[in-house]
Amino acid sequence: MNALLDLSESSVALIREELMADEVVRWAYEAPLRQGCQRAIIFCLFVPLLSVYLAVLAMANFLVFLVLCFVLLTTALILSRISPPPKNIYVITDRRAIILKASYDTTVHSFFPRHLSNLVCLRERYGFGDFIFLTRRTSAEFREEACELGFLDVPDPAEAEKLLAELKKSANGDKTR
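Residues numbered from 1 in each chain as written. Predicted model: local features only at pLDDT ≥ 70, side-chain atom pairs only at ≥ 80, totals over all residues. Heavy atoms only, no water.

**Regarding the pattern of salt bridges**
Two side chains carrying opposite charge are able to pair once their charged atoms lie near each other.
Okay, step 1: Taken as a whole and assessed by the stated rule, the structure comprises five salt bridges.
Okay, step 2: Put simply, Lys87 and Glu30 hold a salt bridge, and the shortest N to O gap is 3.9 Å. Here the residue Lys87 occupies a position in strand β2 (residues 87-93), and Glu30 occupies one in strand β1 (residues 25-30), the gap between them amounting to 57 residues.
Okay, step 3: For Lys87, a relative accessible area of 22% translates into the label partly exposed. (Salt bridge = Lys/Arg side-chain N within 4 Å of Asp/Glu carboxyl O. Helix = DSSP H or I, 4+ residues; strand = E, 2+ residues; numbered from the N terminus. Buried < 20%, exposed > 50% of the residue type's maximum accessible area, 1.4 Å probe, protein only.)

**Considering the confidence of the model for the protein chain**
Okay, step 1: Within the protein chain, residue pLDDT values average 78, and 72% of them lie at 70 or more.
Okay, step 2: When mean pLDDT is compared element by element in the protein chain, β1 scores highest at 92, while helix α2 (residues 35-57) scores lowest at 63. (pLDDT = per-residue confidence, 0-100.)

**Description of the nonpolar core**
Okay, step 1: Core analysis: the largest hydrophobic core is formed by 19 residues, its most contacted members being Trp27, Tyr90, Ile92, Phe131, Phe133, Phe151 and Leu164.
Okay, step 2: Looking at this core, the elements that each hand over two or more residues are β1, β2, β3 (97-102), β6 (128-139), β7 (144-155) and α4 (158-173).
Okay, step 3: With four residues, the top contributor of residues to this core is α4.
Okay, step 4: Residues Ala3, Leu7, Ala28 and Ala102 belong to the second largest nonpolar core, which totals 14 residues. (Core = buried A, V, L, I, M, F, W, Y, C linked by side-chain atoms within 4.5 Å.)

**Section: unusual backbone geometry**
Okay, step 1: Look at Asp22: it is not a glycine, yet its phi comes out positive at around 65 degrees.
Okay, step 2: Relative to the helices and strands, Asp22 is located in the loop between α1 (9-18) and β1.
Okay, step 3: Despite not being glycine, Asp153 has its phi angle at roughly 55 degrees, a positive value.
Okay, step 4: Structurally, Asp153 is set in strand β7.

**Examining the pairing of β3**
Okay, step 1: Burial analysis of β3 places five of its six residues in the buried class, which makes it a mostly covered element.
Okay, step 2: Where β2 folds back on β3, the antiparallel hairpin that results is connected by three residues.
Okay, step 3: Pairing of β3 with strand β4 (residues 106-111) involves six bridges; the strand directions are antiparallel. The partner of Ile98 across the bridge, within β4, is Ser110. (Pairing = 2+ DSSP bridges.)

**Brief notes about the environment of Phe128**
Okay, step 1: Examined against the element boundaries, Phe128 turns out to sit in strand β6.
Okay, step 2: Using a relative accessible area of 33% as the deciding quantity, one classes Phe128 as partly exposed.
Okay, step 3: When neighbours within four sequence positions are excluded, Phe128 is seen to be in contact with Leu122, Arg123, Asp153, Val154, Pro155 and Pro157. (Contact = heavy atoms within 4.5 Å.)

Here it is, written out as structure tokens:
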């Protein structure tokens, strides 16, 4: 269970809850909060603070004060509706690859060796890599979209790539999985 040492306690609990009997974790990674989510949180904190500051400055003008109060209340309502950003946890065990997406509820995607036949490994610049297990294509009226499911933005992907290759090879030896 050395793979779980770098993870938060809540992530370790989610992983343990999902594991089957006698299943061993060989590699795990907790993806950090995406930069877009961080920017949204910073913006939602900045707007109310700026509104209060401007309201104090504009106390002489009552109409400006009312507008700024409206902006502050609207921002507070929006903030109360925002759900926490999902936390992605990537796990490779001796039997399967697991993606846990945790927010208010947890979505679990399990990929056994037989599901890894279409595994695509993409190495990016700066030492990051993506492992795409499944690509779903959907088409709307005038456009086609692809949704990729896998381990995304994994730093130093060499170890994960090796373990996924071993897992993929095990599909040929054991047809019961």
